[in-house]
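Structure assessment
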Amino acid sequence: MAAPTGSATSLARLDAAPTQVPSASNPRRSLGSYGGSDWERHVTRSARRRSDSGMTVLVTGAAGFVGTHVSMALKRRGDGVLGLDNFNLYYEPTLKRNRQKELQKNGVFIVEGDLNDKSLLHKLFDVVAFTHVMHLAAQAGVRYAMQNPSSYIHSNIAGLVNLLEVCKSANPQPSIVWASSSSVYGLNSKVPFSEKDRTDQPASLYAATKKAGEEIAHTYNHIYGLSITGLRFFTVYGPWGRPDMAYFFFTRDILKGKVIKIYETADHGSVARDFTYIDDVVKGCLAALDTAKKSTGSGGKKKGPAQFRIFNLGNTAPVPVSELVNILEKLLKVKAKRLVLPMPRNGDVKFTHANISLAHRELGYRPTTDLETGLKKFVKWYFKYYKEEKKKINAW
Ligand SMILES: NC(=O)c1ccc[n+]([C@@H]2O[C@H](COP(=O)([O-])OP(=O)(O)OC[C@H]3O[C@@H](n4cnc5c(N)ncnc54)[C@H](O)[C@@H]3O)[C@@H](O)[C@H]2O)c1
Ligand SMILES: O=C(O)[C@H]1O[C@H](OP(=O)(O)OP(=O)(O)OC[C@H]2O[C@@H](n3ccc(=O)[nH]c3=O)[C@H](O)[C@@H]2O)[C@H](O)[C@@H](O)[C@H]1O
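What this report covers is the structure whose coordinates are included nearby.

Conventions used here
- Residues numbered from 1 in each chain as written.
- Chains lettered and ligands numbered in written order.
- Predicted model: local features only at pLDDT ≥ 70, side-chain atom pairs only at ≥ 80, totals over all residues.
- Heavy atoms only, no water.
- Helix = DSSP H or I, 4+ residues; strand = E, 2+ residues; numbered from the N terminus.
- Rg over C-alpha atoms; globule rule 2.2 N^0.38 Å.
- Buried < 20%, exposed > 50% of the residue type's maximum accessible area, 1.4 Å probe, protein only.
- Contact = heavy atoms within 4.5 Å.
- Areas by Shrake-Rupley, 256 points an atom, 1.4 Å probe, with all protein chains shown as cover.
- Lys, Arg positive; Asp, Glu negative; His and termini not counted.
- Charge placed at Lys NZ, Arg CZ, Asp CG, Glu CD.

Our next topic: the overall build of the protein. Looking only at helices and strands, the protein has 12 helices and 15 strands in total. Here the C-alpha atoms of the protein give a radius of gyration of 21 Å, agreeing with the 21 Å that 2.2 N^0.38 yields for 396 residues. The principal-axis extent of the C-alpha atoms belonging to the protein is close to 60 × 55 × 50 Å. Looking at the protein as a whole, 55% of its 396 residues are labelled buried. Summarising the internal contacts of the protein: among those between residues at least 6 apart in sequence, 83% fall at separations of at least 24. With an accessible surface of roughly 17800 Å², the protein has 55% of that area assigned to carbon and sulfur atoms. Charged side chains of the protein number 56 positive and 34 negative; the gap between the two group centres comes to 3 Å.

So this is what it looks like as structure tokens:
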């Protein structure tokens, strides 16, 4: 994982934009450097939909785990899709580049840029009349927030506000669906978590920025008439996943014979997650886009009541982390070296469990993949992917 950049304290740095995870691209390029007709040709071709009934969607975080899957699913069914990602170095940059290649093969172009680059966003909305924005770009990960807190402010707060500012003044205004998180339930002990439950006890800065995002979204809905749907994802896993997440690095470490740390509660109880398979989450995202009503503002002014929704997208079948490891051992045919430790106060919560009846009722959301089935698909992908990567390295 990339070293955090947040420790610089010189006066020059204090004036600079909030600290970011180092990025492969320069987020402050001048508009001219986005490239002339070639850039525009890629953008318009990627955003072209196959039929008039389709949508034209800007997917932020398209080189990310969920963003890649959602972009692919939209393109497959004929919608116009344009990606935006800053390709930051929070985890393996080659993985993001390889996801980008997969998307490119399927006709999805990713513009390399930062959410905070207002002129870039304006330029994109000038070139393409987006009907929808699927906003997935964010600084993810609950524990990394203790190492690089500013990166969460940069992407999850400043970046979100910047995006909403541009959306509010776009003509037509797009409908927005964006990723919140199960982490907003924080220290709640009433399960399963329902959208009506309190969300005022976050256990990590990550969770606090997602909660803040929900409030910010409400403001833009209230003042400017933006149609906004927030989706609270619950620990999403699967092929092309995130190497900073436990199921992914447990797989790598078990195969390497390295010790893995498994957290337990202070009274030796198990820590559990409502692990949700990526294909189920993608279906929920598409259903949210399909049922999103149009925004009601124009010229930066609200012209009528606008839709505002929040849904849990979980699996509603929590599994203890120790059981996740049992399944991985079985699939990998390797015994894990386990070190059981009390859960540190590092942003983690003891358990998550989604009540999904609202998403079921309004989105027709019904997850169908149990953890063992989903992990089997992940492990299959993992072996294939790293075999290919190893071949590439050996060929050098
Ligand atoms: N995967 C999960 O378990 C999970 C659970 C709950 C919520 N979420 C949320 O879902 C969304 C997608 O998560 P993911 O797992 O795909 O994460 P990810 O890190 O794989 O994807 C996020 C992408 O956003 C990009 N990005 C970050 N900051 C940016 C910026 N300022 N400008 C442009 N691009 C930027 C990153 O480069 C990355 O490719 C995130 O909002 C995350 O917080 C994920
Ligand atoms: O749904 C979300 O809102 C969040 O989902 C995800 O967070 P988490 O549920 O915390 O997933 P993840 O890190 O894989 O840890 C899984 C389990 O392994 C335990 N865990 C973890 C590390 C370790 O070394 N040992 C361990 O036992 C740990 O205690 C936990 O019980 C996303 O990363 C995050 O972006 C956020 O959006």
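Still to come is the rest of the account.
Bringing the side chain of Ser194 into the picture now. Residue position: Ser194 is located in the loop between β5 (175-181) and α7 (205-224). In this view, Ser194 contacts Tyr185, Asn312 and Asn355; residues no more than four positions away in its chain are not counted.

Asn171 connects to Pro172 through a cis peptide bond whose omega is 5°. Its location among the elements puts Pro172 in the loop between α6 (149-169) and β5. Positive phi outside glycine occurs at His268, with the angle close to 65°. Mapping His268 onto the fold places it in the loop between β8 (259-264) and β9 (272-273). Positive phi values are uncommon outside glycine, yet Lys333 reaches one of about 60°. Tracing the backbone through its elements, the reader meets Lys333 in the loop between α10 (321-332) and β15 (337-342). On the accessibility criterion, Lys333 (73% relative accessible area) is exposed.

As far as function goes, none of this settles anything; it's purely spatial.
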